[in-house]
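# Topology and contacts: notes
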Amino acid sequence: MSTGMPERRYADEPAQIIKWSIAMPSLAQMTGSLHIHNFYIGKLRAKQEQLFDSDPELAQLLDNVTAVLSEHAVELAEDIADREDDD
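Residues numbered from 1 in each chain as written. Predicted model: local features only at pLDDT ≥ 70, side-chain atom pairs only at ≥ 80, totals over all residues. Heavy atoms only, no water.

### Here we look at the overall build of the protein chain
Assigned secondary structure in the protein chain consists of 2 helices and 0 strands. Buried positions account for 16% of the 87 residues belonging to the protein chain. Taking the intrachain contacts of the protein chain between residues at least 6 apart in sequence as the baseline, contacts between residues at least 24 apart amount to 67%. Of the accessible surface of the protein chain, which amounts to about 7,800 Å², a share of 56% is contributed by carbon and sulfur atoms. (Helix = DSSP H or I, 4+ residues; strand = E, 2+ residues; numbered from the N terminus. Buried < 20%, exposed > 50% of the residue type's maximum accessible area, 1.4 Å probe, protein only. Contact = heavy atoms within 4.5 Å. Areas by Shrake-Rupley, 256 points an atom, 1.4 Å probe, with all protein chains shown as cover.)

Now the structure itself:
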């Protein structure tokens, strides 16, 4: 009878071993991610400019988020360049 609840497991039952595999993203996936980063960096900067006078704390927060995304975009661009050089 299925109640929608997981079956109860007992200590003497063997545990199921799950193997995880982490694959490197493809160059196309990395390039797509970089485009998405740049899109949101642009959106955040535009919103920050709108909020600068009315809500400076939120504008500063958006600036901080933009800085983090920008750093990640730079690293991603470097990784893409390295992958392109390898190919």
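### Brief notes about the side chain of Thr66
Within the element layout of this structure, Thr66 appears in helix 2 (residues 56–86). Thr66 gets classed as buried once you look at its relative accessible area, which sits at 3%. Apart from the residues within four sequence positions on either side, Thr66 is in contact with Ile41, Leu44 and Arg45.

### What about the packing of aromatic side chains?
Here the structure, examined in full by the defined rule, presents 1 aromatic pair. Ring geometry for Phe39 and Tyr40: centres 5.1 Å apart, planes at 80°, overall edge-to-face. (Phe/Tyr/Trp six-rings, centres within 6.5 Å; stacked < 30°, edge-to-face > 60°.)

### Here we look at the environment of Lys47
Relative to the helices and strands, Lys47 is located in helix 1 (residues 27–51). On the basis of relative accessible area, Lys47 is assigned to the partly exposed category, the value being 42%. In the structure, Lys47 is positioned 16 residues away from Asp63 in sequence and 9.7 Å away in space, judged by C-alpha atoms.

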